[in-house]
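In case you want the letters, here they are:
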Amino acid sequence: MPTSVIRSISELRSHLASPRSRALTLGMVPTMGALHAGHERLIAQARQECDHVTVTIFVNPIQFDRPEDFERYPRVLDGDVAVCEQLRVDAVFAPTAHEMYPERLRTTVDVSHLTDYLCGAFRPGHFRGVATVVAKLFNIVQPDRAYFGEKDAQQFAVIRRMVRDLNFPVEIVGVPTVREADGLALSSRNQHLTPDDREVATGLSRALQVAEQRIQLGERDPVRVKEAAMAMLDELPGIRVEYFEIVDVVELQPVRSISGRVIVAGATWVGGTRLIDNVTVESDSTDEAR
Ligand code: AMP
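Engineer: What am I meant to see in the nonpolar core here?
Structural biologist: One finds Phe138, Ile159, Met162 and Ile172 to be the most contacted residues of the largest nonpolar core, which totals 46 residues. No other element matches the ten residues that helix H7 (residues 126-141) contributes to this core. If you look at the next biggest cluster of nonpolar residues, it comprises 27 residues, including Ile239, Val262, Val264 and Val281.

Next up, the structure:
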């Protein structure tokens with residue numbers, strides 16, 4: 001079956017009525033398009049685990065805190081549809097902004113506390129925009145499972161919490177980060193990097209590795225772990241660190257001492273491009289090993 005490309009909510013609902021009536025498992029992969037191998041991994045996993053797969057492609061205006069980022073965000077629907085065809089996606093839902101927001105929104109979803117640090121501290125309104133659009137998409141598609149990348153660790157935690165707090169009947173599935181051979185996490189924004197930018201852009205994933213190694217070697221003081229990572233980043237001209245934090249995996253609060261599972265997450269600016277990345281580190285396993 002070719003992939004159906006659907007622009008309106010009503011058309012998508014009629015398309016989904018048939019698989020739903022046959023009790024098929026519905027999977028959904030929300031994206032903003034410009035699909036790359038990271039998205040492809042989410043789609044491939046959804047394809048394996050679900051009978052019917054919808055990929056949503058929507059550059060959501062209300063989650064952008066900088067207008068220029070929204071303006072220059074890559075939009076390549078035809079190429080994205082071709083990728084979805086290849087991966088045997090059943091439906092691509094690519095609504096217009098007017099279809100999603102026909103009138104001024106008076107209802108939004110705010111996930112508190114989990115959004116206090118990391119990107120939440122630097123991108124005002126961003127996670128409100130994300131949670132609100134994902135809640136809308138869940139209500140439109142009503143999937144059994146939805147797939148999100150661990151690359152956006154805070155987004156993943158926020159969506160998982162929203163689903164628990166508000167009883168959305170959907171299972172949230174996390175998918176590991178896909179990286180280039182040199183460690184750079186794939187991102188639609190990577191295409192803004194010049195060749196020079198591209199070289200320094202790997203600094204963030206290398207700094208995360210430094211932090212991970214320190215923790216694996218037994219360092220439990222987050223300040224010292226951060227110092228080691230920052231010492232590496234400070235050496236690199238052309239990269240500016242927005243944040244580099246070690247937080248707990250549930251509430252995403254900075255930890256005073258490292259124990260159990262923690263997320264080490266950072267955001268950097270390279271030229272005019274903002275890049276984020278993170279690793280989850282299991283520190284207890286190294287305690288036992290010592
Ligand atoms: P985006 O189109 O950037 O909003 O991303 C759509 C989904 O793909 C989100 O759940 C992201 O976390 C996920 N994603 C983006 N980049 C990657 C990557 N490099 N590896 C795995 N998942 C990713």
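Now that the structure has been shown, the text picks up again.
Engineer: Teacher, can you tell me more about the packing of helix H1 (residues 9-21) against H7 here?
Structural biologist: The packing of two helices is summarised by the inter-axis angle and the distance between the axes. Two elements in contact, H1 and H7, have axes separated by 9 Å at closest approach and are oriented at 50 degrees. As the angle between them shows, H1 and H7 are arranged oblique. In this structure, H1 contributes Ile9, Leu12, Arg13, Leu16 and Arg20 to the contact, and H7 contributes Asn139, Ile140 and Val141. Looking at the contact of H1 with H7 residue by residue, the class counts come to five nonpolar, one polar and two charged.

Engineer: What is the right way to look at the layout of surface pockets in this model?
Structural biologist: Once rolled over the atoms, a probe with the size of a water molecule shows which space is left empty. Here the largest pocket defines a volume of roughly 400 Å³. Elements with a contribution of two residues or more to the lining of the largest pocket: helix H8 (153-166), strand E8 (261-270) and strand E9 (273-282). The element that contributes the greatest number of residues to the lining of the largest pocket is H8, accounting for six residues. Taken together, the residues of the lining of the largest pocket sort by class into nine nonpolar, three polar and seven charged. In this model, the second largest pocket occupies a volume close to 220 Å³. Taken together, 17 residues make up the lining of the second largest pocket; nearest its centre are Ile57, Phe58, Val59, Arg75 and Leu77. Taken together, the residues that form the lining of the second largest pocket break down as twelve nonpolar, two polar and three charged.

Engineer: Which parts of the structure should I look at to understand the pairing of strand E3 (residues 52-57)?
Structural biologist: The side chains of a regular strand alternate, first on one face of the sheet and then on the other. With six of its six residues buried, E3 lies for the most part within the structure. Two elements, strand E2 (residues 26-31) and E3, share six bridges in a ladder whose sense is parallel. In the strand pairing of E3, threonine 31 is matched with isoleucine 57. Handedness of the crossover joining E2 and E3 through helix H2 (residues 37-49): right-handed. Note: E3 against strand E4 (residues 91-93), three bridges, orientation parallel.

Quick notes on the rules
Residues numbered from 1 in each chain as written. Predicted model: local features only at pLDDT ≥ 70, side-chain atom pairs only at ≥ 80, totals over all residues. Heavy atoms only, no water. Core = buried A, V, L, I, M, F, W, Y, C linked by side-chain atoms within 4.5 Å. Buried < 20%, exposed > 50% of the residue type's maximum accessible area, 1.4 Å probe, protein only. Helix = DSSP H or I, 4+ residues; strand = E, 2+ residues; numbered from the N terminus. Axes fitted to C-alpha atoms, helices over the stretch in contact; angles between N-to-C directions. Parallel < 35°, antiparallel > 145°, perpendicular 65-115°, else oblique. Contact = heavy atoms within 4.5 Å. Nonpolar A, V, L, I, M, F, W, Y, C, P; charged D, E, K, R; others polar. 1 Å grid on protein atoms, 1.4 Å probe; cavity = no way out; pocket = protein on both sides within 12 Å on 5 of 7 lines; lining within 4 Å. Points joined across faces, edges and corners; volume = space filled by probe spheres on them. Pairing = 2+ DSSP bridges. Right-handed = clockwise from strand over helix to strand, strands pointing away.

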